[in-house]
Amino acid sequence: MQNNEYTSMEIIDTKPTLNYAGFLPRLIAFGIDSLLVAIILFFIKIPFSISSLINGPGLLSNEVLFNFSILDIIFFLLKSLYFIIATYNTGTTFGKWLLKLKVVSQNNTKPSFLDLLYRETIGRYLSSIIFIGYIIIPFDYEKRALHDRLCDTRVIYDLKTV
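Throughout, residues of each chain are indexed from 1 in the direction in which the sequence is written. The model is predicted, so local features are restricted to residues of pLDDT at least 70 and side-chain atom pairs to those at 80 or more, both for listing and for counting; the totals for chains, interfaces and linings are taken over all residues. As a rule here, side-chain values cover all heavy atoms of the structure and leave hydrogens and water aside.

1. Regarding the environment of Leu-99
And step 1. Along the chain, Leu-99 turns up in the loop between α3 (94-98) and β3 (101-105).
And step 2. Placed 58 residues apart in sequence, Leu-99 and Tyr-157 show a C-alpha to C-alpha distance of 8.1 Å.
And step 3. Sequence-distant contacts of Leu-99, that is, excluding residues within four places in its chain, are made with Pro-25, Ile-28, Ala-29, Ile-32 and Tyr-157. Segments assigned H or I by DSSP are reported as helices when at least four residues long, segments assigned E as strands when at least two residues long, and all are numbered from the N terminus. Contact criterion: two residues are considered in contact whenever any of their non-hydrogen atoms come within 4.5 Å of each other.

This is how it looks when you write it as structure tokens:
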């Protein structure tokens, strides 16, 4: 005779509950990261500025793309690399780490390098256009910005590190 009753072990939901990070914690983390990157890039820019004052504008300061110089493009790439490499290696940046936030893919795993490359360059650019990409965060169930939607990522609270 077979017992049709369920035990408490059989009805346990194994799907993890994610606590999605909203607009304000993400903004604060981004502000911390932007300040950190700006300080680092400031010290990298000093030798170029001194050289430009002594020798005049060089090849690196000529406009090549719209109003951007080669130097502007290099510094944009360095800033983007901070976000891409830090997030790829640890799932977080310094600002996110301080606020206990983590970037994950849809199934709560590590995002691919290409997803993060797209998220932190083209995705952030698109999100920043009149900030509409960020304004949608409070209206999304998973609190995703436009760049999260494009790359299938989420920013969650990393409660394991608390």
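2. Digging into the packing of helix α2 (residues 70-90) against helix α4 (residues 113-128)
For any two helices packed against each other, one specifies the inter-axial angle together with the distance between the axes.
And step 1. Axis geometry follows a simple rule: fit a line to the C-alpha atoms, using only the stretch in contact for helices, then measure angles between N-to-C directions, giving values from 0 to 180 degrees. Look at α2 against α4: their axes get within 9 Å of each other, and the N-to-C directions meet at 145°. Here α2 and α4 pass one another in a crossing that is right-handed. Residue-level inspection shows Ser-80, Phe-83, Ile-84, Thr-87 and Tyr-88 of α2 in contact with α4, the latter providing Phe-113, Leu-116, Leu-117, Glu-120 and Thr-121.
And step 2. Each residue receives one of three labels: charged for Asp, Glu, Lys and Arg, nonpolar for Ala, Val, Leu, Ile, Met, Phe, Trp, Tyr, Cys and Pro, and polar for the others, Gly being one of them. Here the residues of the contact of α2 with α4 sort into six nonpolar, three polar and one charged. Crossings are assigned a handedness: left-handed for a near helix turned anticlockwise from the far helix by less than a right angle, right-handed for a clockwise turn.

3. Overview of the pairing of strand β4 (residues 153-157)
And step 1. Only protein chains enter the accessibility calculation, which uses a 1.4 Å probe; a residue is then buried when its area is under 20% of its type maximum, exposed when over 50%, and partly exposed in between. Most of β4 sits out of view: four of its five residues are buried.
And step 2. Two strands make a pair as long as DSSP finds a minimum of two bridges between them. For β3 and β4, the ladder comprises five bridges, and the chain directions are antiparallel. In the strand pairing of β4, Leu-101 is matched with Tyr-157.

4. Focus on the confidence of the model for the protein chain
And step 1. The pLDDT value tells you how sure the predictor is about a given residue, anywhere from 0 up to 100. Within the protein chain, residue pLDDT values average 87, and 88% of them lie at 70 or more.
And step 2. Considering each helix and strand of the protein chain separately, the mean pLDDT is smallest for strand β1 (residues 63-65), with a value of 79, and largest for α3, with 97.

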